[in-house]
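So the chains spell out like this:
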Amino acid sequence: MLFAKECRKISGSLVFWIYCIIIALMFLTQYFSDCTEREYPPSPGRSAGDYDFKPSGDHDTIIEGTVNSLINDYYSNKYICYPLGFYKAVHLKDKDQEKIEAYITEITGLDHDKLAEIKNNCEEYYVSDGVHEYKEYKAEHIDVDTDNISYDRFREIISDIDSILGGGSDYAPESAEYNFSMIPMTYEDALEEYNELFEKDGIAGAYARLFSDYLGIVLGIMPVFVAIAIAAADRRSRMDQLIFSRSISSFRLVFTRYAALITMMFIPVLTEIIASVIQLLVIYNGESVAVEKMLGIPVFWLLPNLMVSAALGMLLTEMFSGGTAIVVQFAVWFMSIMRGGTVLSGNIRKFTLVCRHNTLYNRAQFMLHKNDFIFNRTFYFIASLAAVAVTAFVFEMKRGGRFNGIRLFGKDGILRRKA
Amino acid sequence: MVSGCLAKMVFSDVRHNYVIHYLTAVGILFLTPLLFGISQLDSILSAQPLEIILPLMGTVLMTPVFFPEQNENIRDVVRSKKTSYHLLCFIRIMCSVLMLSLFIGGFVIYMKSAGCNVTAKHFAGSLASALILGSAGFFAAAVSDNVIAGYMTSVIYYMSNFTMKDKLRVLYLFSMSHGRFEEKKYLVIIAAALVAGGFAVRKLMRK
C-alpha cells in the first residue's frame, strides 16, 4: 500500500521523468546506435599492427619498457601524470630524484657514475612546455637483466615511484602492466578474440558489458537527483511534521521509500535491457544468444550504482541538504570517471564506482578483474543498504525532535540550508 | 540613500541565502590546482582547468537564484515587500556574475604568476562557459520551479560535453582546450537569452 503510494508519488515527479529521458537518450545515442550490425570475423592477410594491440603480460617486457621510460623521465626530471585524468607535469625535488635514482640502480644495477655517463651520451632536445623551453633527454635503449630482480619487488618499486609522483603516472603497477606490455595482435589472436564472443560470451555477455558500461556512467549520478527530489518533497509541501506524527516506524517508512525509488528508477533500465535482447536476437538471427547473460550482468553491474547514488542522496539530504548531496555525489562520480583516464576497458578496481569496459572484446582484460568486480559490486550493494539504515536512524532522531539537520555555525547558523 | 538601501539588501540576502553557494564556489576554486598542474602551461593546456573545472562555479552560483523562495509561503511574504521580487532575483544573478568574474579573474592572474601562457581570452572563455552552464541551470529551475531540476539540467549539459562533443557544435564548453574560441561568443549570447527567458517565463507564470 505505502509502496504503491510512494511509486505513484515518484511517477508524478518532474525530476524522475527527466531521469527517464536521460537514461533513454544515453541508451539510444550510445549503445543502441553502436550495435545495429552484427560483428564479423577479422579478414586474414593483413599485417600484425592492423588488427589491434593486446597486453602481453610478459614480465620481462614490462620491466624493460618501464625502466627505459623511467630513465628518460628521470634525466629530464619531468614526469607526466594524470592524477584525476588531467595532465600534470611533475618536477621532483633533489631528495625525491635521489630515491628514483636508487630504484633505477636497484632494478638495472647501474650506479650513479654509470647513469651520469649514459646521460652524457643522451640525445638532447628542447621542448616547449608552456612559456618555457625545457631540455629533455632520450637515452639509448638499455637492456635490463631481469634476473636481478623479482617481479614482486619490481611492482613494489614502481608502486612507490607512483606514490612519490602523487599518483596517476605511467608507473602505477596496473598502468605499467598495460602500457609497457602492449604488442600487436596477429590474425590468429584477432580470430581467437572474435571466437570468444561466441564461445565464451554467448554473444550476449559481451553486449551486456558494453550496455552496462554506457548506462553505468549516468546511473552513477542521475539517481541522486530523483532521490533528493523525493526526500525533499515532504519539506517542500510542508508535510514533514504530519508524517512525523504517523504511527509507522521510521525504518519501514524509509526502506519502503527507498525500495520504491529503486524499483521506479530501474524500470527504464529493465525496459532497455529487454530492447537490447530483442535487438540482439534480430541482428544475430539464427545464432545461439545467451539471453540470460544480457539479463543478469546489467542487473548485477548497474543496480549497485543506482542504489548507492540514491542512498547517498537520501542520507545527505536528511542530514544536511539536497545541495550537499548533489555536490558530494558529483565529486564521487567525477573522480571515479576521471581516475580511469583514457583506460576505457578493464577499468575496474575494488572501489571504482563507475566500472568501465567500453568494448565488445578484450574479455581477458575483464576477467582479470573479475574478483575485484564481484567484491566491488557487493561492497556498494551493502554500503547502500547501510546508508539507508543510517538515513532511517537520522529520520527517527528528527522525528523525536533530537536532531534537526546539521548546522555548521551554531544554533541559527547561516550555512544551514533546507532543500 | 537608494544605493545604501540596495547595498543593505544585497548584504542581507548574501548573508542569509548565498554564503553557502559562494563558499562552494571557493571550494571549487581551491580544488582546481590540486586536480591540475598549473605551472608553466602553454595556451592550450592552460585552457583545461579554466574550461573543465571553473565553469562548475556557474552551476553553483546561478542555478539557485529562485531557491530561497521555492516555498510558496515564503515567496508570498517576499512578494508583499516594497522591493520587487524579480528585481531581487536579478540582483542575485548579477552578484553571481560579478563573483564569477572575480573568482575566474583571480585564478587567471594566479596562473599567470605561475608562468602559464594565459591571456584575457582565457578569462573571457572560462567566464563564457561558466555563464552558459549556470544559465542552463537557472532557466530549467525557473521553468520547472524546481531548483533540483535546474542542477540536474546543468549537470546533464556538463556531462554531454564529455560524451557528445562533436554533436554540441557551438554549445561545446571546452573549445579553448582544442585551440578554438569562436564558440564562446555564441555561449554568451545564449546564456543572456536563457537568463532573459527564465525571467520572462517566471513573469508569465506569475511565480
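Everything below is about the structure printed above this text.
In what follows, the accompanying structure is described. Please read all numbers here as calculations on a predicted model, not as lab measurements.

**Notes on unusual backbone geometry**
Then, number 1: Backbone geometry places A:Asn77, a non-glycine residue, at a positive phi of 45 degrees.
Then, number 2: Tracing the chain through its elements places A:Asn77 in the loop between helix 3 (59–76) and strand 2 (79–81).
Then, number 3: Of note, the phi angle at B:Arg169 is positive, near 50 degrees, even though the residue is not glycine.
Then, number 4: Here B:Arg169 is to be found in the loop between helix 8 (165–168) and helix 9 (182–205).
Then, number 5: Given 10 C-beta atoms within a 10 Å radius, B:Arg169 is considered exposed.

**Quick notes on the packing of helix 10 (residues 222–236) of chain A against helix 12 (residues 250–283) of chain A**
Residue and element names in this part refer to chain A.
Then, number 1: It is at 11 Å that the axes of helix 10 and helix 12 come closest, and there the two elements cross at 140 degrees. Between helix 10 and helix 12, the crossing angle belongs to the class labelled oblique. For helix 10 against helix 12, the interelement crossing comes out right-handed. Facing helix 10, whose interface residues are Pro223, Val226, Ala227 and Ile230, helix 12 presents Arg257, Leu261 and Met265.
Then, number 2: Residue composition of the contact of helix 10 with helix 12, grouped by class: six nonpolar, no polar and one charged.

**Focus on the interface of chain A and chain B**
Then, number 1: Taken together, the contact pairs 27 residues of chain A with 27 residues of chain B.
Then, number 2: The element that contributes the greatest number of residues to the side of chain A that touches chain B is helix 2 (residues 14–34) of chain A, accounting for five residues.
Then, number 3: Split by residue class, the side of chain A that touches chain B holds 18 nonpolar, five polar and four charged.

**A short note on the packing of helix 12 of chain A against helix 16 (residues 370–399) of chain A**
All names here are of chain A.
Then, number 1: At a minimum axis separation of 9 Å, helix 12 and helix 16 run at an interaxial angle of 135 degrees. For the element pair helix 12 / helix 16, the angle class is oblique. Between helix 12 and helix 16 lies a crossing whose hand is right-handed. On helix 16, the residues that touch Ser250, Phe251, Val254, Phe255 and Tyr258 of helix 12 are Val388, Thr391, Ala392, Phe395, Glu396 and Arg399.

The rules behind each value
Residues numbered from 1 in each chain as written. Chains lettered and ligands numbered in written order. Predicted model: local features only at pLDDT ≥ 70, side-chain atom pairs only at ≥ 80, totals over all residues. Helix = DSSP H or I, 4+ residues; strand = E, 2+ residues; numbered from the N terminus. Buried ≥ 20, exposed ≤ 12 C-beta atoms within 10 Å, placed from the backbone. Axes fitted to C-alpha atoms, helices over the stretch in contact; angles between N-to-C directions. Parallel < 35°, antiparallel > 145°, perpendicular 65-115°, else oblique. Left-handed = near helix turned anticlockwise from the far one by under 90°. Contact = placed C-beta atoms within 7 Å. Nonpolar A, V, L, I, M, F, W, Y, C, P; charged D, E, K, R; others polar.

Any link to function would need more than the numbers given here.
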